[in-house]
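Commentary on secondary and tertiary structure
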Amino acid sequence: MVTKVIKIDRQHMDERLLSEAAEILRSGGLAAFPTETVYGLGADGLNREAAKKIYAAKGRPSDNPLILHISAVREIEPLVKEVPETAAKLMDAFWPGPLTMIFPKSGIVPSETTGGLDTVAVRMPSDPVASRLIALTGRPIAAPSANRSGRPSPTTAEHVLQDMDGRIEMIVDGGPVGIGVESTIVDVTGDVPVLLRPGAITMEMLQEAVGPVETDPAVAGPVAADVKPKAPGMKYRHYAPKAELALVEAAVSEQTGEAVISRINQLTREKQSQGYLVGIICTDETKDCYPEGIVRSLGPRALQETIAHSLFAVLREFDDLGVDYIYSESFARDHLGQAIMNRLTKAAGYHIIYADKEERHG
Ligand code: AMP
Ligand code: MG
């Protein structure tokens, strides 16, 4: 299959071009498109065969469910059994936007879309290209991140092409995305909402809108092999670059001080002397402190939006360069930092090196 790439100007959207993408989706094909979070790999979410094609194109395990994307709040009604009160409040506060919610699913949503679950994930994106494409298609669009399973999520159309060339009918290129990490996921099926995946709608924002919100244990740490996590995606190694990534942080004392810098420099020298290529992920404040390795700053440490926006692109760049080992500075875990650290620790397979301690293995 030849993958056609069409460029869409967000300010002056060419409806004729977008209709071509909508037609592909309506006829059961696959088209990737930008959203405000990352690029999505779209298919008709109510068409079993189309949903199966997503799993095949991504190489994604079929028990890892998809998110349905809608273009207006009322479009949720046929998809769910009910909209709980907390969900209505969260929709009011954050839709359209980077918030996905989990609902009891209705009969029309095929199990191929939900990975066999009796719940369905729904989101209403704010990106104008995504929103218009969904409206033109006239169906809920199932759209996971448009990367091959296990790779970092794509934040540009070029990233999508790297992973999906020849595997899907079309890529709608709307330029780089705004946020750069995937949507926040909240389960609203119980009495208290549960955060399943942190994102740009932060815990602090959720709590301000609806009061207490719990956090699924899988957000913070690895899930034991015998536990069935609520968001099945949480059990897979995710967002992972090809290189072995480790986070370096100080157990006590300051966030990124001398100890972290000198430990990263020591590890880099060690690996380079063994002939390996080493990448370093740091911030504008520290980028001149690393004399060796391939050094990439995610931005100023205080600008969490910038850090989040750069993260996946840097991981992909290290893949392209054939880096063997990546050492990353660590980040504060509040606000958007929760999403940043969630993606980083998962990409690292939870490997954290404490700069001020002897490393323990295991
Ligand atoms: P992605 O589409 O790559 O951003 O991944 C979608 C995420 O949404 C995965 O981690 C899924 O496990 C999660 N998800 C989708 N549907 C459900 C659901 N019904 N219940 C829990 N998590 C879900
Ligand atoms: Mg994904």
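In this report, the structure presented in the accompanying data block is examined. Fair warning: this is a prediction, and the values are worked out from it, not measured in the lab. (Residues numbered from 1 in each chain as written. Chains lettered and ligands numbered in written order. Predicted model: local features only at pLDDT ≥ 70, side-chain atom pairs only at ≥ 80, totals over all residues. Heavy atoms only, no water.)

1. What about the packing of aromatic side chains?
On inspection of all chains with the given rule, the structure shows one aromatic pair. Seen from their ring centres, Y276 and Y325 are 5.1 Å apart, and the 75 degrees between their planes marks the pair as edge-to-face. On the criterion of sequence distance, the pair formed by Y276 in the loop between α9 (258-273) and β13 (278-282) and Y325 in strand β15 (residues 325-329) is long-range, its members being 49 residues apart. Note on Y276: relative accessible area 35%, which makes it partly exposed. With relative accessibility at 15%, the residue Y325 sits in the buried group. When the ring centre of Y325 is taken as reference, the NZ or CZ atom of K271 above it lies at 4.4 Å. (Phe/Tyr/Trp six-rings, centres within 6.5 Å; stacked < 30°, edge-to-face > 60°. Helix = DSSP H or I, 4+ residues; strand = E, 2+ residues; numbered from the N terminus. Buried < 20%, exposed > 50% of the residue type's maximum accessible area, 1.4 Å probe, protein only. Lys NZ or Arg CZ within 6 Å of the ring centre and 35° of its normal.)

2. With respect to the sheet that holds β13
The strand order across the open sheet formed by five strands is β14-β13-β15-β12-β16, and the pairing between neighbours is parallel. The sheet terminates laterally at β14 (294-297) and β16 (352-354), the two strands that pair on one side only. Within the sheet, the average angular offset between the axes of one strand and its neighbour, ignoring direction, is 25 degrees. Bridge count between β13 and β15: four bridges; the pairing is parallel. By the bridge assignment for β15, I280 is matched with Y327. (Pairing = 2+ DSSP bridges. Axes fitted to C-alpha atoms, helices over the stretch in contact; angles between N-to-C directions.)

3. A few points about the nonpolar core
Generally speaking, a soluble globular protein has its nonpolar side chains buried in company with each other. Counting 44 residues, the largest nonpolar core has L41, L90, W95, L99, M101, F103 and L206 as its most contacted members. Looking at this core, the elements that each hand over two or more residues are β3 (40-44), α2 (48-58), α3 (85-94), β5 (99-104), β6 (119-123), α6 (157-164) and α7 (203-210). Top element by residues in this core is α2. It accounts for five residues. (Core = buried A, V, L, I, M, F, W, Y, C linked by side-chain atoms within 4.5 Å.)

4. What to know about the pairing of β5
With six of six residues buried, β5 lies mostly within the body of the structure. As judged from the four bridges shared by β5 and strand β9 (residues 184-187), these two strands associate in the parallel manner. Each bridged residue has a counterpart across the sheet, and for L99 the counterpart in β9 is T184. Where β5 and β6 come together, five bridges link them in antiparallel fashion. Within β6, the position partnered with M101 by the bridge is V122.

5. Concerning the environment of V210
On the secondary structure map, V210 appears in helix α7. Residue classification places V210 among the buried positions, given a relative accessible area of 15%. Along the sequence, V210 and A87 sit 123 residues apart, while their C-alpha atoms lie 9.1 Å from each other. Setting aside anything within four residues of it in sequence, one finds V210 in contact with T86, K89, L90 and P193. (Contact = heavy atoms within 4.5 Å.)

6. Quick word on the packing of α6 against helix α10 (residues 304-321)
The geometry of α6 relative to α10 is characterised by a closest axis approach of 12 Å and an angle of 45 degrees between their N-to-C directions. As the angle between them shows, α6 and α10 are arranged oblique. Relative to α10, the crossing made by α6 is left-handed. The residues of α10 that touch α6, namely those facing H159, Q162 and D163, are A313, R316 and D320. Here the contact of α6 with α10 is built from residues that sort into one nonpolar, two polar and three charged. (Parallel < 35°, antiparallel > 145°, perpendicular 65-115°, else oblique. Left-handed = near helix turned anticlockwise from the far one by under 90°. Nonpolar A, V, L, I, M, F, W, Y, C, P; charged D, E, K, R; others polar.)

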